[in-house]
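Survey of secondary and tertiary structure
So you can see what is in the structure, the chains are spelled out below.
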Amino acid sequence: MIGRISAALRRAHGDDRGMALANVVIFGTVMLMLVATMVAVSTSGAVKSATDRNFQNAMAAAYAGLADYQSKLSNDNGYALYGNAAAQFSKTSGSTFTGDDKNTAFTSSGSQWASVVGSTDQFFRYEVDNADYSSKGVLRVRVTGKSGGSVRSLVANLKGDGFINYLYFTNYESSSPSISGSDCTTAYQWQGGVSNRCQAVQFAGTDVLNGPIRTNDVFTAACATTFNGSVEQHDTRVRPSSGTCSGQFLGGDPSPVPYLGLPALNSNMSQETRTDIPATVPRPGCLYTGPTRVTFLGGGKMTVWSPWSKATQIRVDSQSGEVSASADTAKAASLCGSIDALQSQGGATIPTLPANLVYVQDVPSATNNVNTWSGTFPSKYTNTYCTTTVTVGANGRATTKANQPFSNGMGYPAAGEWVNGRSAGRNNTTQAGSAPDTYSCTAGDVFVSGPFAGAMTIASSGTIWATGSVTYADPTTDILGLVGQNAVEVYNPTKCTSYASDGTACNNSGIALLNRSTGDGITISGAIASNAGTFWNQNYDVGPKLGTLKVVGSIAQNWRGPVATTGNTGFSKNYVYDQRLLTTAPPKFLQPVSTSYGVTTQVEVQSAYQVDGACARTSTGACR
């Protein structure tokens with residue numbers, strides 16, 4: 001009995017050892033599985049982490065490439081003409097380039113990429129679409145970044161920090177001494193050590209600025225002046241016209257910005273009428289010579305009178321400098337009007353130029369220029385300052401016969417107009433002005449009015465006169481630029497009703513407006529610029545209080561121009577910024593001396609390239 005019990009106990013002891021061994025084996029297996037799982041998870045996590053890092057770095061490389069291209073543009077405004085015509089993004093857009101500047105980033109195939117500075121595993125390349133640069137001032141660029149096995153692409157629209165980014169831009173906040181009649185010294189208000197400095201023109205308490213404004217100077221404003229947009233200037237404080245307050249800043253506090261330079265001349269815009277430099281000017285515009293009148297007719301039409309014009313598109317000999325008519329005169333006539341029509345009484349009625357530029361030049365004096373006249377005159381150009389001896393009568397009108405108006409060939413001065421000399425005579429009188437100086441018969445002046453439809457810029461070597469309202473037929477699609485070298489001026493002539501006894505001056509009480517009366521207003525739609533002058537209202541200090549001068553667009557000028565006095569003359573201002581100008585520009589518009597390029601839109605797109613540098617392909621096998 002005792003023996004059987006001992007045997008049973010031994011068996012039970014053996015069974016416990018077997019169970020323990022089994023438990024150890026099972027536990028060990030589970031532990032091994034857990035360790036293996038953790039190793040696998042850790043390894044896959046490391047791979048995923050590396051993939052995520054490459055994915056993020058690829059986009060960072062694309063951003064670095066975009067910044068690289070922006071920097072090159074800012075350092076050289078002409079960089080928009082560099083690129084790779086073989087790149088898929090460029091060749092499908094119709095872009096044209098003068099070269100690639102030996103820039104590795106323009107590579108469009110193969111293993112060569114530009115390296116991100118400071119990185120050993122991030123690379124980029126970019127492709128440029130400059131098809132809309134000359135017409136709208138906008139560049140599109142597709143940038144591709146690469147890191148490890150990840151490739152990502154983005155497309156951005158770039159636009160220069162130009163004058164049209166602002167409702168109102170000035171170089172100086174004082175008026176031109178030639179308009180004010182002062183012998184003051186033009187200088188910035190913030191400059192020290194300047195004696196007899198020209199005084200700043202102030203914003204009135206009733207002025208409302210509905211858009212961003214900027215000056216290289218500093219603004220001066222009344223307490224009630226309302227700034228609904230950003231205010232950018234030389235320093236952070238708008239100066240008060242009186243007291244201590246200087247405006248209501250609903251668009252944010254004033255901020256300092258760098259100098260933005262106006263070019264001294266706009267003559268480079270005339271290059272856009274040349275037919276012999278297709279790489280630079282793929283779509284030449286129209287060149288007119290001497291005083292020119294443009295009347296917009298609506299419906300995308302305009303009538304142009306330009307008696308001095310002989311060639312409306314030109315070519316220039318690089319050796320002799322000779323300027324001759326383009327080889328295809330029929331094409332020029334189709335776009336710009338025939339010479340016979342331009343010189344005729346009825347003018348040339350043509351479509352407004354499609355996304356292009358009109359440039360009006362002075363009558364050239366060089367004998368090797370096709371548009372010179374060498375002492376002769378247009379056959380229909382009679383009874384003008386150029387062809388007849390001028391006699392200024394007691395009524396201030398220049399005539400050769402009684403009651404016969406004597407003009408610059410375009411009808412200015414108008415019949416009954418007294419040219420205001422703006423110079424004091426004796427005993428409360430004002431001297432008659434020089435009509436030839438005001439309305440030259442050979443200067444590149446343009447007289448513009450009417451309802452405009454299309455996309456076009458008019459530039460002149462002289463003055464652009466707004467002789468009536470210039471409005472858009474469709475404010476969502478039409479866009480116009482007006483660039484006057486000397487001025488963009490609202491035509492506002494005077495008459496004299498009471499003459500001084502000496503017959504050379506007008507009694508101040510007798511000076512009145514010729515064709516405007518109390519409450520009359522005018523609207524100008526467009527981007528306005530005067531790179532060496534100003535935008536102003538002729539005879540702003542004469543006559544009754546007029547209505548509203550409404551500008552829908554932008555204004556850029558060297559000096560600040562007057563449109564009214566603080567008394568009861570001139571126009572009230574209503575300047576409204578055209579928000580479209582933030583992302584587009586009138587064709588071939590005036591560019592700053594130097595500028596920075598900002599991103600107006602940006603979006604990630606499908607990768608344009610594979611890791612090995614070959615183009616990524618669509619489902620049909622075409623390169624993206």
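Residues numbered from 1 in each chain as written. Predicted model: local features only at pLDDT ≥ 70, side-chain atom pairs only at ≥ 80, totals over all residues. Heavy atoms only, no water.

Considerations on the overall build of the protein
Quick reminder of the rule: Secondary structure counts use DSSP, requiring at least four H or I residues in a row for a helix and at least two E residues in a row for a strand, with both numbered from the N terminus. Buried means the residue's accessible area, taken with a 1.4 Å probe over protein chains only, is under 20% of the maximum for its type, while exposed means over 50%, and partly exposed covers the values in between. Residues count as neighbours in contact if any of their non-hydrogen atoms are within 4.5 Å of one another. The accessible surface values rely on the Shrake-Rupley method and a 1.4 Å probe; as for residues, cover is taken only from the protein chains in view.
Tallying secondary structure elements over the protein gives 7 helices and 37 strands in all. The buried share of the protein, taken over its 624 residues, is 48%. In the protein, of all internal contacts separated by at least 6 residues, the share reaching a separation of at least 24 is 65%. As presented, the protein carries roughly 27500 Å² of accessible surface, and 53% of it is formed by carbon and sulfur atoms.

Some details on the nonpolar core
In plain terms, the rule: Among the buried residues, those of types Ala, Val, Leu, Ile, Met, Phe, Trp, Tyr and Cys that are joined through side-chain atoms within 4.5 Å form a nonpolar core.
Counting residues in hydrophobic clusters, the biggest one holds 77 residues, and the most contacted among them are Tyr-288, Phe-296, Ile-458, Phe-535, Leu-549 and Tyr-575. Beyond its immediate sequence surroundings of up to four residues, Tyr-288 is in contact with Val-304, Ser-306, Ser-309, Thr-312, Cys-336, Leu-342, Ile-350, Val-358, Tyr-359, Val-360 and Gln-361. Judged by nonpolar contacts, the second largest core, of 24 residues, contains Tyr-69, Ala-105, Phe-124 and Leu-158.

Observations regarding empty space enclosed by the protein
Rules: The pocket and cavity definitions rest on a 1 Å grid over protein atoms only: a 1.4 Å probe that fits but cannot leave marks a cavity, an open set with protein on both sides within 12 Å along at least five of seven lines marks a pocket, and residues lining either have an atom within 4 Å of a point. Grid points are joined across faces, edges and corners, and a volume is the space filled by probe spheres set on the points. Residue type decides the class: Asp, Glu, Lys and Arg count as charged, Ala, Val, Leu, Ile, Met, Phe, Trp, Tyr, Cys and Pro as nonpolar, and the leftover types, Gly among them, as polar.
The tally for this structure, following the rule as stated, stands at 2 cavities of 30 Å³ or more. Each pocket or cavity is described by its volume, and for the largest cavity that value is around 110 Å³. What lines the largest cavity is a set of 14 residues, and nearest its centre among them are Gly-160, Gly-162, Ile-164, Ala-585 and Gln-591. Among the elements of the structure, helix 3 (133–136) and strand 4 (150–160) are those that each provide at least two residues to the lining of the largest cavity. Here the residues of the lining of the largest cavity are counted per class, giving 8 nonpolar, 4 polar and 2 charged. When its volume is computed, the second largest cavity comes out at roughly 40 Å³. Along the walls of the second largest cavity sit Asp-207, Val-208, Leu-209, Lys-573, Asn-574 and Tyr-575, which together make up its complete lining. When residues of the lining of the second largest cavity are traced back to their parent elements, those giving at least two are strand 6 (208–209) and strand 36 (570–577).

Description of the sheet that holds strand 23 (residues 420–424)
Applied cut-off: Two strands make a pair as long as DSSP finds a minimum of two bridges between them. Each axis is a line fitted through C-alpha atoms, and for a helix only the stretch in contact is used; angles between axes span 0 to 180 degrees, taken between their N-to-C directions.
Pairing within the open sheet is antiparallel, and its 3 strands lie in the order 23-24-31. Each edge of the open sheet is held by one strand with a lone partner, namely strand 23 and strand 31 (505–507). Between one strand axis and the next, the sheet turns through 40° on average, direction left out of account. Relative to strand 31, strand 24 (residues 429–432) runs antiparallel, the two being bridged by 3 bridges. Directly across from Thr-429, in strand 31, lies its bridge partner Asn-507.

Considerations on the side chain of Asn-492
By the element assignment, Asn-492 lies in the loop between strand 29 (487–490) and strand 30 (494–496). For Asn-492, the contacting residues outside a window of four places in its chain are Leu-513, Arg-516, Asn-537, Gln-538, Asn-539 and Leu-546.

Let's talk about the sheet that holds strand 12 (residues 248–249)
Sheet strands pair via backbone hydrogen bonds, and the direction of the pair is either parallel or antiparallel. In spatial order, the strands read 6-9-12; together these 3 strands make up an open sheet with parallel pairing. Sheet topology places strand 6 and strand 12 at the edges, where each strand pairs with a single neighbour. Note: strand 9 (residues 226–227) against strand 12, 2 bridges, orientation parallel. When the sheet's bridge partners are listed, Thr-226 is paired in strand 12 with Gln-248.

Some points on the state of the cysteines
Basically, it comes down to this: Whenever a pair of cysteine sulfur atoms sits within 2.5 Å, that pair is classed as a disulfide.
Under the defined criterion, the tally for this structure stands at 5 disulfides. Through a disulfide, Cys-223 is tied to Cys-245; the S-S separation comes to 1.6 Å. Every disulfide takes its handedness from the sign of the S-S torsion; for Cys-223 and Cys-245 that torsion is 70°, giving right-handed. Here the residue Cys-223 occupies a position in the loop between strand 8 (220–221) and strand 9, and Cys-245 occupies one in the loop between strand 11 (239–240) and strand 12, the gap between them amounting to 22 residues. For Cys-245, a relative accessible area of 34% gives the class partly exposed. A disulfide bridge connects Cys-615 with Cys-623, and the sulfur atoms are separated by 1.9 Å. With the S-S dihedral at roughly -50°, the linkage between Cys-615 and Cys-623 falls on the left-handed side. By relative accessible area, Cys-615 is classed as buried at 15%.

Some points on the pairing of strand 33 (residues 522–530)
Burial of strand 33 is extensive: 8 of the 9 residues sit out of reach of the surface. With 3 bridges connecting them, strand 28 (residues 479–484) and strand 33 associate as parallel partners. The partner of Gly-481 across the bridge, within strand 33, is Ala-527.

Describing the packing of aromatic side chains
Rules: Classification of ring pairs uses Phe, Tyr and Trp, with its six-membered ring standing for Trp, and accepts pairs whose centres are within 6.5 Å; under 30 degrees between planes counts as stacked, over 60 as edge-to-face, and the remaining range as tilted. Here, a charge over a ring means that NZ of Lys or CZ of Arg falls within 6 Å of the ring centre while also lying within 35 degrees of the ring normal.
Under the counting rule described, the total for this entry stands at 27 aromatic pairs. Between Phe-203 and Phe-227 the ring centres are 5.8 Å apart and the planes differ by 85°, which places this aromatic pair in the edge-to-face class. Remark: Phe-227 occurs in strand 9 and Phe-203 occurs in the loop between helix 4 (177–180) and strand 6; sequence separation between them is 24 residues. Take Phe-203 and Phe-227: they sit in the same class, and that class is buried. Among the aromatic residues, those joined into a cluster by ring pairs are Tyr-69, Tyr-79, Tyr-82, Phe-106, Phe-124 and Tyr-126. The ring of Tyr-609 has Arg-125 lying over it, and the distance from NZ or CZ to the ring centre is 4.6 Å.

Comments concerning the pattern of salt bridges
To be explicit about the condition: Whenever Lys or Arg places a side-chain nitrogen within 4 Å of a carboxyl oxygen from Asp or Glu, that contact is recorded as a salt bridge.
Applying the stated criterion across every chain yields a total of 10 salt bridges. Where Arg-140 meets Asp-129, a salt bridge forms, and the shortest distance between an N and an O atom there is 3.1 Å. Placement of the pair is Arg-140 in strand 3 (residues 138–147) and Asp-129 in strand 2 (residues 123–129), with a sequence separation of 11 residues. Of the residues examined, Arg-140 reaches a relative accessible area of 31% and is grouped as partly exposed. Its relative accessible area of 8% is what places Asp-129 among the buried residues. A salt bridge links Lys-573 to Asp-207; its shortest N-O distance comes to 3.4 Å. Placement of Lys-573 in strand 36 and of Asp-207 in the loop between helix 4 and strand 6 is noted, with a sequence separation of 366 residues between them.

Details of unusual backbone geometry
Along the chain, Tyr-412 connects to Pro-413 via a cis peptide bond; the corresponding omega equals 5°. Inspection of the secondary structure puts Pro-413 in the loop between strand 22 (398–399) and strand 23. Of note, the phi angle at Asp-101 is positive, near 55°, even though the residue is not glycine. With respect to the helices, strands and loops of the structure, Asp-101 is situated in the loop between helix 2 (88–91) and strand 1 (114–115). Positive phi, normally seen in glycine, also occurs at Asn-539, with a value near 55°.

By themselves these figures say nothing about function.
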